[in-house]
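Observations on chain architecture
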Amino acid sequence: MTRKMPGAFLFLMPSVLLLLIFFIVPIFLTIGLAFTNMALTGAAAKSLEFVGFQNFVNMFQDPDFRISVWRTLIFLIFSAVIGQVLLGFILALLMKEKNVTFRRIIGIIVIAGWVTPEIVVAFCMVAFFSDNGSLNQILGWFGVSPISWLFSFPMVSVIIANIWHGTAFSMMVYQSALDDIPKEVEEAAIIDSATGFQIIRHITIPMVKGSIVTNMMLVTLQTLGVFTLVYTMTGGGPGTSTQTLPIFMYNQAFVNYQFGYGTAISLVLLLIGIIASLFYMRSMKVKV
């Protein structure tokens, strides 16, 4: 056993090196740069200096940062928690024990949005919500005047777009979990005169609790990092109405060229993801 260890380690070396180069090193570089004045232009670009927590002080004093945090929470709650997680669970429940043909048809329709690249989804949604887009044409059939959705309701538009793009993942996770619930348990509950809501509350949800927690964490982290969809549809505007933290970070790092400041924002974004994940796990009473 001991003699085989050097050989096994040799085979693992490529994976270890790739992980070290493309994951571990960038993490430490990101943490380090967040405490510097690194910039891509100006005097700071010529002399890199350690500034301690000054980037974070400036960040929390910046009203645009506070607005971005608020926008991010709104986007997260409505497009991830209420949208993808809840809608995915409802779709999985509705498809449970349906015939194979029905499940395949609905599955293809829902999964189509998930497998479509994010940039393509963004352009499709721009076409859907534009002044002469599909949504206004449909509303026109009912005598409703055209609405400038991306200008008047930009946050609603990007939330709906993200829900359409990501719900299929939650649906598939829940479908797999629901199919593993023994039918005998639900049949026994029905014999005991349990209603459909009681079965869902006291049997279904507790038995798929682990899948719910896992899915909520994955969807939360994915939604916190959504950039292409929002940036392509609205660019963070009008004004700052859809400027989430990823867009605010991009603007500071690559538009204003304040790379150290933008990196500090990325650490705050990472911290929000960690806090949200821990909150989900504790609220569902799942042991870590």
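What you see is a predicted model; the values in this text were computed from it and never measured.

If you look at the biggest cluster of nonpolar residues, it comprises 29 residues, and the most contacted ones within it are F56, M59, V208 and L245. Of all the secondary structure elements, the ones that give two or more residues to this core are α2 (54–61), α3 (63–95), α8 (154–179), α11 (209–224), α13 (245–255) and α14 (259–283). Beyond its immediate chain neighbours, meaning those up to four positions away, L245 contacts F65, S68, V69, T72, I265, L269 and I272. Within the second largest apolar cluster, 19 residues are counted, among which are A122, M155, V158 and M233.

Our focus in this paragraph is the UniProt feature "domain: ABC transmembrane type-1" (unreviewed entry) in the protein chain. In the numbering adopted here, UniProt assigns the feature "domain: ABC transmembrane type-1" (unreviewed entry) to residues 70–280. Between the first and last C-alpha atoms of residues 70–280 the distance is 19 Å; the span itself is 79% helix and 0% strand.

By the element assignment, N55 lies in helix α2. Since its relative accessible area comes to 8%, N55 is described here as buried. Here the side chain of N55 touches A34 through a polar contact of 2.9 Å, landing on its backbone oxygen.

Together, W70, L73, I77, F78, I82, L86, L87, I90 and L94 make up a nonpolar patch on the protein surface, roughly 830 Å² of accessible area in all. Position of L73 relative to the elements: it lies in helix α3.

Calculation criteria
- Every residue gets a number counted from 1 within its own chain, in the order that chain's sequence is written.
- Reporting of local features is limited, given that this is a predicted model, to residues whose pLDDT is at least 70; pairs of side-chain atoms are given and counted only at 80 or more, and all residues count toward the totals for whole chains, interfaces and linings.
- Only hydrogens and water are set aside; all other atoms, that is, all heavy atoms of the structure, feed into the side-chain values.
- We call a set of buried residues a nonpolar core when its members are Ala, Val, Leu, Ile, Met, Phe, Trp, Tyr or Cys and they connect through side-chain atoms within 4.5 Å of each other.
- The buried label applies to any residue whose accessible area, calculated with a 1.4 Å probe on protein chains only, is under 20% of its type's maximum; exposed applies above 50%, and partly exposed to all values in between.
- Secondary structure elements are defined from DSSP: runs of H or I of at least 4 residues count as helices, runs of E of at least 2 residues count as strands, and each element is numbered from the N terminus.
- The contact definition used throughout considers only heavy atoms, calling two residues in contact when any of these lie within 4.5 Å.
- UniProt positions are given in the numbering used here, feature names are shortened, and annotations may be inferred rather than shown by experiment.
- Two N or O atoms count as a polar contact when they lie within 3.5 Å, although within protein this holds only if one can serve as hydrogen donor and the other as acceptor, and sequence-adjacent residues are included solely when both atoms are side-chain atoms.
- Each patch is built from residues lacking any salt bridge and having more than 30% relative accessible area; the joining distance is 9 Å for like charges and 5 Å for nonpolar side chains (Val, Leu, Ile, Met, Phe, Trp, Tyr).
- Under the convention used here, a 1.4 Å probe and the Shrake-Rupley method define accessible areas, while residue burial counts only the protein chains that appear.
- When a carboxyl oxygen of Asp or Glu lies within 4 Å of a side-chain nitrogen of Lys or Arg, that pair is called a salt bridge.

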